[in-house]
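# An overview of the molecular structure
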Amino acid sequence: MQWATSILEYKPEGSLSPDTYILTSDVAEYLGSRAKPVVIRVCICRPDILKLWAVKIPQTERGRPNSYLITHDPQLI
């Protein structure tokens, strides 16, 4: 179970962790490079605890690729 989309990570001043927003394609296009392409996957941390995990899709022109995606889902690259 996975879904390819874009997210925006916004860290308000004084906050320890960023807020993550799932974007529509129109908003992602408007935000440009601030929108990060991801694959959202469902994972189980413990029995009865489901989480959504946003795995960032590597931007090869911006740095090194994500090694998890290379080994587990090579068609995304």
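Described below are features of the structure shown in this document.

About the thresholds
- Residues numbered from 1 in each chain as written.
- Predicted model: local features only at pLDDT ≥ 70, side-chain atom pairs only at ≥ 80, totals over all residues.
- Heavy atoms only, no water.
- Helix = DSSP H or I, 4+ residues; strand = E, 2+ residues; numbered from the N terminus.
- Buried < 20%, exposed > 50% of the residue type's maximum accessible area, 1.4 Å probe, protein only.
- Contact = heavy atoms within 4.5 Å.
- Patch = residues over 30% accessible without salt bridge, like charges linked within 9 Å, V, L, I, M, F, W, Y side chains within 5 Å.
- Areas by Shrake-Rupley, 256 points an atom, 1.4 Å probe, with all protein chains shown as cover.
- Salt bridge = Lys/Arg side-chain N within 4 Å of Asp/Glu carboxyl O.
- Polar contact = N/O pair within 3.5 Å; in protein donor to acceptor, adjacent residues only side chain to side chain.

## What to know about the environment of Ala4
Its location among the elements puts Ala4 in strand β1 (residues 2–10). Under the relative-accessibility criterion, Ala4 is labelled exposed at 56%. For the pair formed by Ala4 and Val39, sequence separation is 35 residues and the distance between their alpha carbons is 4.3 Å. Among all residues touching Ala4, those that are not within four sequence positions of it are Val38 and Val39.

## A short note on a nonpolar patch on the surface
A grouping of Met1, Val42, Ile44, Leu50 and Leu52 is seen on the molecular surface, where their side chains present a nonpolar patch of about 610 Å² in accessible area. Mapped onto the nonpolar patch, the elements with two or more residues apiece are β3 (36–46) and β4 (49–56). Assignment of secondary structure puts Leu50 in strand β4.

## Overview of the side chain of Arg41
Along the chain, Arg41 turns up in strand β3. Classification of Arg41 by relative accessible area gives buried; the value is 11%. A polar atom in the side chain of Arg41 sits 3.0 Å from the side chain of Gln2.

No statement about biological role is implied by the geometric values presented.
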